[in-house]
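Residues per chain, in single letters:
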Amino acid sequence: MDTGPTEHVDEPAELSTDSDRFDSNPRGQCTVKFMKELAPASQALLRDQGGVIASWQLNREERRVAATLAKTKLWQRITTRVFLASPAAASAEQRACISVLQCGPKAYLAGRNALVLHGWNDSLGSPFDVVVPVNHKPTSLPKWIQARRVAIQSGVSGPLPRVGVHDAAVQAAAWATTDRRALYILLSSLQQGLVSSTRLLTVARDRTRLRRRGLIMDSVREYEGGAESLSELDLGAICRKYGLPEPIRQVSVLDGHGKPRRIDADFKGVNGRTARVEVEGLHHLKPEVWFADVKRHNGLVLSGNGAYYRYSSWEIRYEPADFVRDMKAALLGETAHDSSAGTVAL
């Protein structure tokens with residue numbers, strides 16, 4: 001793999017301290033200082049990259065200049081391969097660029113931070129995920145840089161190379177700390193109009209070893225209303241597993257305005273206890289569907305026919321603990337937390 005020019009340990013260069021030998025260029029949170037000893041192309045690169053530059057982007061003499069500036073505290077050597085042309089602290093944007101440069105010329109910013117740069121409504125922050133070719137293993141990485149070797153790699157070139165927006169969204173969901181966080185990333189990206197469900201499904205389908213691949217594809221399909229089997233979830237399997245009464249499915253009722261409605265499940269518990277449950281697919285999070293759901297729910301409550309509960313099908317499929325606890329309290333009178341209800345794969 002091409003890793004750029006071979007790096008050498010160079011002696012510090014003799015530099016003038018005359019003020020007219022420096023240019024100043026405000027960028028982000030730092031004031032960039034670069035020496036006239038740098039070639040015009042390197043100066044332009046430094047500007048484009050927000051005041052950071054990699055040693056493999058410089059020739060031997062320029063690396064000596066950079067080392068001297070770092071020694072005199074006018075610059076900083078942030079990592080083993082990257083300089084910051086300022087004594088100030090690096091901004092989040094500069095750290096993103098540093099992360100890519102440290103991993104080499106074929107690296108791309110990936111995951112959550114790449115998604116932010118594509119317009120996702122969040123802030124840049126550690127760790128900075130970077131994807132590199134499978135035959136390259138970056139070394140000397142600080143804790144805030146996470147290099148990931150991938151077989152399928154493409155992206156947006158420029159001063160801060162990053163993967164495409166659909167790759168970024170799928171990666172961010174796959175690498176999220178929790179399943180619920182992964183769901184939030186996917187749904188918020190769809191709701192912001194940054195990604196299309198079709199492209200997300202294509203990316204996930206092509207990456208057969210992707211973490212959370214099934215969850216990602218199920219969630220995207222359901223958000224678009226294309227997976228009725230999720231909203232028509234077999235509650236019976238959950239109920240039998242955790243000792244709940246068998247639900248009566250698709251019950252016809254009248255709401256408080258006399259309008260006929262169908263509810264997903266009607267439960268009969270001990271001592272005349274009842275509970276009615278609506279299982280809502282992720283497409284119910286779309287604004288136009290949500291407003292209709294609010295009106296529907298209020299009408300059902302006004303009917304006075306017992307308690308109504310609303311759960312997402314995603315929650316019942318992947319995190320059923322709250323549903324099981326609520327139903328045991330409503331139907332069986334059990335109030336103690338049932339720690340046995342965990343993740344269930346149906």
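Residues numbered from 1 in each chain as written. Predicted model: local features only at pLDDT ≥ 70, side-chain atom pairs only at ≥ 80, totals over all residues. Heavy atoms only, no water.

Digging into the overall build of the protein
Each helix and strand counted, the protein has 13 helices and 12 strands in total. Counting over 346 residues, the protein shows a buried share of 47%. The contacts in the protein between residues at least 6 apart in sequence include a share of 58% that link residues at least 24 apart. About 17,000 Å² of surface is accessible on the protein, with carbon and sulfur atoms providing 49% of the total. (Helix = DSSP H or I, 4+ residues; strand = E, 2+ residues; numbered from the N terminus. Buried < 20%, exposed > 50% of the residue type's maximum accessible area, 1.4 Å probe, protein only. Contact = heavy atoms within 4.5 Å. Areas by Shrake-Rupley, 256 points an atom, 1.4 Å probe, with all protein chains shown as cover.)

Things to note about the nonpolar core
Ranked by size, the top nonpolar core spans 57 residues in total, and within it Val 52, Leu 101, Leu 115, Val 163, Leu 200 and Ile 216 carry the most contacts. When residues no more than four places from it in sequence are discounted, the contact partners of Leu 101 are Gln 49, Val 52, Ile 53, Ala 54, Trp 56, Gln 57, Arg 81 and Val 82. Judged by nonpolar contacts, the second largest core, of 17 residues, contains Ile 238, Leu 244, Tyr 311 and Ile 316. (Core = buried A, V, L, I, M, F, W, Y, C linked by side-chain atoms within 4.5 Å.)

Observations concerning the packing of helix 7 (residues 197-206) against helix 8 (residues 213-223)
It is the contact of helix 7 with helix 8, at a shortest axis distance of 10 Å, that shows an interaxial angle of 165°. For the element pair helix 7 / helix 8, the angle class is roughly antiparallel. In the crossing of helix 7 with helix 8, the sense of the turn from one axis to the other is left-handed. Between helix 7, through Ser 197, Leu 200, Leu 201, Ala 204 and Arg 205, and helix 8, the contact on the second element is made entirely by Arg 213, Ile 216, Met 217, Val 220 and Arg 221. (Axes fitted to C-alpha atoms, helices over the stretch in contact; angles between N-to-C directions. Parallel < 35°, antiparallel > 145°, perpendicular 65-115°, else oblique. Left-handed = near helix turned anticlockwise from the far one by under 90°.)

Remarks on the confidence of the model for the protein
Confidence along the protein averages 79 in pLDDT terms, with 73% of residues attaining 70 or more. Every residue in residues 226-232 is under pLDDT 50, and counting partners more than four places away or in other chains gives 12 contacts. Of the regions scoring below 50 in pLDDT, residues 338-346 engages in 23 contacts with residues more than four places distant in sequence or in other chains. (pLDDT = per-residue confidence, 0-100.)

Things to note about the packing of helix 5 (residues 165-174) against helix 7
Interhelical geometry of helix 5 versus helix 7 gives an angle of 65° and a closest axis separation of 9 Å. In terms of crossing hand, the pair formed by helix 5 and helix 7 is right-handed. Taken together, the residues of helix 7 that come into contact with helix 5 (itself represented by His 166, Asp 167, Ala 169 and Val 170) are Arg 199, Leu 200 and Val 203.

Things to note about the pattern of salt bridges
The full count for this structure, using the stated rule, is 13 salt bridges. Notably, a salt bridge pairs Glu 61 with Arg 64, separated by 2.9 Å at the nearest N-O pair. Separated by 3 residues within a single helix, Glu 61 and Arg 64 lie in helix 2 (residues 60-71), roughly one turn from each other. Close ionic contact of Asp 122 with Arg 112 constitutes a salt bridge, the shortest N to O distance being 3.4 Å. (Salt bridge = Lys/Arg side-chain N within 4 Å of Asp/Glu carboxyl O.)

What to know about the sheet that holds strand 3 (residues 52-54)
Reading across from one edge, 3-5-4 is the order of the 3 strands in this open sheet, with antiparallel pairing throughout. Among the strands making up the open sheet, the edge pair consists of strand 3 and strand 4 (76-77). (Pairing = 2+ DSSP bridges.)

Structural notes on unusual backbone geometry
In this structure, the amide linkage connecting Ser 126 to the following residue, Pro 127, adopts the cis form with an omega of -5°. As for its placement among the helices and strands, Pro 127 is situated in the loop between helix 4 (111-117) and strand 7 (128-133). Positive phi, normally seen in glycine, also occurs at Lys 73, with a value near 70°. The residue Lys 73 is located in the loop between helix 2 and strand 4 in this model. Accessibility expressed as a relative area gives 62% for Lys 73, which makes it exposed. Positive phi is not limited to glycine here, since Ser 140 has a value of about 55°. Topologically, Ser 140 is positioned in the loop between strand 7 and strand 8 (145-150). In this structure Ser 140 comes out as partly exposed when scored by relative accessible area, which is 48%.

A look at the environment of Arg 276
Relative to the helices and strands, Arg 276 resides in strand 11 (residues 274-280). Between the alpha carbons of Arg 276 and Ala 307 there is a distance of 6.2 Å; along the sequence they are 31 residues apart.

Section: helix 5
Of all the 10 residues making up helix 5, 10 are buried; the element is thus mostly covered by neighbouring parts of the structure. All buried positions along helix 5 are accounted for by Val 165, His 166, Asp 167, Ala 168, Ala 169, Val 170, Gln 171, Ala 172, Ala 173 and Ala 174. Buried positions along helix 5 lie against helix 4, strand 7, helix 6 (179-191), helix 7 and helix 8.

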